[in-house]
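Examining the three-dimensional arrangement
These are the residues of each chain, in order.
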Amino acid sequence: MLEYIINETNKFLEQMPKSKRKKKGQFFTSKETAEFMATMFQLEGLPLEINILDPGTGTGILSAAVVEHLLEADEKRSIHLTCYETDGDVLPVLKNNMVYLLSKAGDRFSYEIREQDYILSQQDDFNETFFASEQQTKYDLIIGNPPYLRVMRDNPAALAMPKVVHGAPNLYFLFASMSLFNLKDNAEMVYIIPRSWTSGAYFKAFRQYFLGEGKLLQIHLFVSRDKVFSSEEVLQETMIVKVKKTQIVPDEVRITSSQSNSDFNEISELKVPYSSVVSGRDLYVYLPTSKEDIDIIQRINTYQKTLPDEGMRMKTGIVVDFRQWDDLRKEPGDHILPLFYSQHIRNGRVNHQPSGKEFDWIIDEKPGLIQRNKNYVFCKRFTAKEERRRLQCGVYLPEDFKEYEYIGTQNKINFVDKTDGSEMDLSTTYGVYALLNSTLFDMYYRILNGSTQVNSTEINSIPVPPAATIARIGEKVIDSNDLSTDNCDRILKEVAYG
Ligand SMILES: C[S@@+](CC[C@H](N)C(=O)[O-])C[C@H]1O[C@@H](n2cnc3c(N)ncnc32)[C@H](O)[C@@H]1O
């Protein structure tokens, strides 16, 4: 069955330009991924009549994979499949494919295609409004590859699900939330989705709903990152999740990984305590792939409080240079201040040598663009993939730039400052530097965030030792006069993570 549907999909792909499908968030799952996803469900305990949902069915690849798998695995159960699809181009292919499935599966199989918007058609039910249906279909098993499409906050789909939207919405997590809503209690959904939801503020409301009403049982990752869809290059990094609709937190999450979407032969597996995968107030999802990773998460979780709890905060540099050309200068002079770029962070310190940028200076006239010249820890926001560390930081000391009361920071730097605007003392400054410059924090950040960008909200959510311990770490760094990562690691181990 799946073979046939893949062939029909390939014919459809030949005559449908990718640009057109991209606008609809339409990418098809590879045969191997679909087969793998179908085998992820726990079949024990399913009723004799299984209700399956495949929202955003496309040509029916996932439906075919799961129906085929269930029919082969069991000779008694019957299957009813519900498809939702709105795209007029793909619907004729889907209809044909379903007729084919029916002809092969026989009378244990039935289906319906709902040519309705999956989100809008159910918004009253989801929001439990006065118009909610009394009889809502709930499913035993849901399999999905939702559309990946950023939409505006006033898009009808986003307005339909305010509970899970916080910032820029994407159809994929609206679909995932609706699917969890559509599941029966204790039933499972298997979804292939981008990795972006696992951290970041925009996805917080979604994570609260998704991980509140459901619990992660398995996460599957791809080692080579860009090959999830057959003949389709999708830039987003993707993952497969299996989620059970339950309030009961499982002891562990299975984290599996394979080389790519077409190679599920060698699967490595790691069982990770649930609290090491879903953690913190923001419910970030950490993706450890080795015992070492788990150890790192557990070490960091020795503490509960964060930088903001300890009166400090990482912020993003203020000056967006391309918006401020008029205020920037090439040379120093009267009423002109040094402007710092990430190029100025080197070997654990901050210098102001020529950065290679056109403008290394900024006028002092606009208070909103400048900040006091005081102790900070600067951290690069962007690093290249091949670079060894994600967290690259330096101690900024005002005494190195004595003649200035104020300075400027470009927005490609993050800096750590006191929340109340006062100045961090010297030991604390060096202590914060040592944390961010350690192997422990760098590796922890990588497990949290697969991207190369250092997001200050995420840094502000990392548990840190108490302020007094941070200061003690800093004193030791100052005494040793050694800013290297090895030295920071050694001191952290001795003082805070032994
Ligand atoms: C990423 S594709 C996946 C297709 C198929 N599930 C697969 O795995 O190959 C998502 C599908 O959802 C459909 N879709 C997009 N928005 C929809 C909506 N609001 N309601 C129902 N289907 C939708 C698209 O037309 C597209 O076929």
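Reading guide: rules and limits
Residues numbered from 1 in each chain as written. Predicted model: local features only at pLDDT ≥ 70, side-chain atom pairs only at ≥ 80, totals over all residues. Heavy atoms only, no water. Near = heavy atom within 4 Å. Polar contact = N/O pair within 3.5 Å; in protein donor to acceptor, adjacent residues only side chain to side chain. 1 Å grid on protein atoms, 1.4 Å probe; cavity = no way out; pocket = protein on both sides within 12 Å on 5 of 7 lines; lining within 4 Å. Sits in = over half its atoms within 2 Å of the grid points. Nonpolar A, V, L, I, M, F, W, Y, C, P; charged D, E, K, R; others polar. Domains from an automatic or database assignment. Contact = heavy atoms within 4.5 Å. Buried area = accessible area lost by both parts, 1.4 Å probe. Salt bridge = Lys/Arg side-chain N within 4 Å of Asp/Glu carboxyl O. Buried < 20%, exposed > 50% of the residue type's maximum accessible area, 1.4 Å probe, protein only.

With that out of the way, let us pick up the site of the ligand. Near the ligand there are 21 residues, and of these Gln 26, Thr 29, Gly 56, Glu 85 and Tyr 118 occur at the shortest range. Contacts to the ligand include Gln 26, whose side-chain N or O atom sits 2.9 Å from an oxygen atom. A molecule is said to occupy a pocket when more than half its atoms come within 2 Å of that pocket's grid points, and by this definition the ligand occupies the second largest pocket. For the shell around the ligand, the per-class residue count stands at 9 nonpolar, 9 polar and 3 charged.

Domain annotation for the chain reports domain 1 (2–289) and domain 2 (308–495). Between the C-alpha centres of domain 1 and domain 2 there is a distance of 41 Å. If you look at the interface, domain 1 gives 14 residues, while domain 2 gives 11 residues. When domain 1 packs against domain 2, the two sides together hide about 940 Å² of surface, and 47% of this comes from carbon and sulfur. The interface formed by domain 1 and domain 2 contains 1 salt bridge. In this structure, the salt-bridge partner of Arg 281 is Asp 309, at a minimum N-O distance of 2.9 Å. Between domain 1 and domain 2 we count 5 residue pairs in polar contact (both at pLDDT 80 or more) in total. Tallied by class, the residues present in the side of domain 1 that touches domain 2 amount to 6 nonpolar, 3 polar and 5 charged.

Right, let's get into the pattern of salt bridges. This model, assessed by the stated rule, comprises 26 salt bridges. Salt-bridge contacts for Glu 269 lead to Lys 271; the nearest nitrogen and oxygen are separated by 4.0 Å. Residue class for Glu 269 comes out partly exposed when judged on its relative accessible area of 41%. Since its relative accessible area comes to 48%, Lys 271 is described here as partly exposed. Notably, a salt bridge pairs Asp 400 with Arg 349, separated by 2.7 Å at the nearest N-O pair.

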